[in-house]
Amino acid sequence: RTPEGLDTDLPNALDAFTKALRYDLSNKIAATRVTDTTMAISARKQEYETQQKFLESATGIVAVAERSAKDKDFGGALTSYRQALNGLGQVTATFKDLNQKARDESGKINNAVKQVISDVYASANESIEKGDAALINGNIDEAVRFYSMVESIVDVVPAEEGSVGAQKKKDMIAAALTKID
């Protein structure tokens, strides 16, 4: 049996066991199978609804992440996207349609995460540029303030040690710190 087959196999089996029971009301095996099959159908329906709730929850979290990104709350957006991905990870291959939706949504989320990270780096570059402009205008305190902001801006980007992302964060922070010196 395939997981998709259960969607038709269980109702067909229930129908067959019910007919057998109607034919012979004293058939204890058929009666047990009707009960067992009914419970299996109910459990499968409940599992479908649970996995569907994972998808719906992830969709709601994505909406929060998108608002956060729009409001330039990049840390909040990345955190929400991670939560949505975790929820989508709970959707199993048991139900092909739900699993496909979860994979599609995960792909969209991963692209959105890349965009948010790009926006973070653009914001950090903008802060460096503002610091440069302040320095040119002779406002050293303001320049230092803008350069100092770079570390907190890029800090929201998750990056494992040794990864390209970690190196990019270090490079941006180093560039800002060099300008402070």
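Residues numbered from 1 in each chain as written. Predicted model: local features only at pLDDT ≥ 70, side-chain atom pairs only at ≥ 80, totals over all residues. Heavy atoms only, no water.

Trainee: Got a minute to help me understand the layout of surface pockets in this structure?
Mentor: Taking a probe equal in size to a water molecule and rolling it over the atoms shows the remaining empty space. Of the volumes computed, that of the largest pocket is approximately 180 Å³. Forming the walls of the largest pocket are L78, Y81, R82, L85, N110, V113, K114, I117 and P158. Elements that contribute at least two residues to the lining of the largest pocket include exactly α3 (74–88) and α4 (96–136). Taken together, the residues of the lining of the largest pocket break down into 6 nonpolar, 1 polar and 2 charged. (1 Å grid on protein atoms, 1.4 Å probe; cavity = no way out; pocket = protein on both sides within 12 Å on 5 of 7 lines; lining within 4 Å. Points joined across faces, edges and corners; volume = space filled by probe spheres on them. Helix = DSSP H or I, 4+ residues; strand = E, 2+ residues; numbered from the N terminus. Nonpolar A, V, L, I, M, F, W, Y, C, P; charged D, E, K, R; others polar.)

Trainee: Just checking my understanding: could you explain the environment of V64 for this structure?
Mentor: Note on placement: V64 falls in helix α2 (residues 28–70). Given the relative accessible area of 36%, V64 is considered partly exposed. Through-space distance from the C-alpha of V64 to that of A77 is 7.4 Å; in sequence the pair is 13 residues apart. (Buried < 20%, exposed > 50% of the residue type's maximum accessible area, 1.4 Å probe, protein only.)

Trainee: For this particular structure, what's the right way to read the confidence of the model for the protein?
Mentor: Caution applies to low-pLDDT parts of the model: their predicted coordinates are not meant to be read in detail. The predicted model of the protein has a mean per-residue pLDDT of 87, with 93% of residues at 70 or higher. At the level of individual helices and strands, the protein shows its lowest average pLDDT in helix α1 (residues 3–23), which scores 70, and its highest in α3, which scores 95. (pLDDT = per-residue confidence, 0-100.)

Trainee: Explain the packing of α4 against helix α6 (residues 164–180) to me, please; I cannot follow it from the model alone.
Mentor: When two helices pack together, their arrangement is captured by the angle between the axes and the distance separating the axes. Relative to each other, α4 and α6 sit at 10°, their axes nearing to 10 Å. Judged by the inter-axis angle, α4 sits roughly parallel to α6. Within the contact between the two elements, α4 uses Y121, A124, N125, I128 and D132 and α6 uses G165, K168, K169, M172, A176 and K179. Per-class residue counts for the contact of α4 with α6 are 5 nonpolar, 2 polar and 4 charged. (Axes fitted to C-alpha atoms, helices over the stretch in contact; angles between N-to-C directions. Parallel < 35°, antiparallel > 145°, perpendicular 65-115°, else oblique. Contact = heavy atoms within 4.5 Å.)

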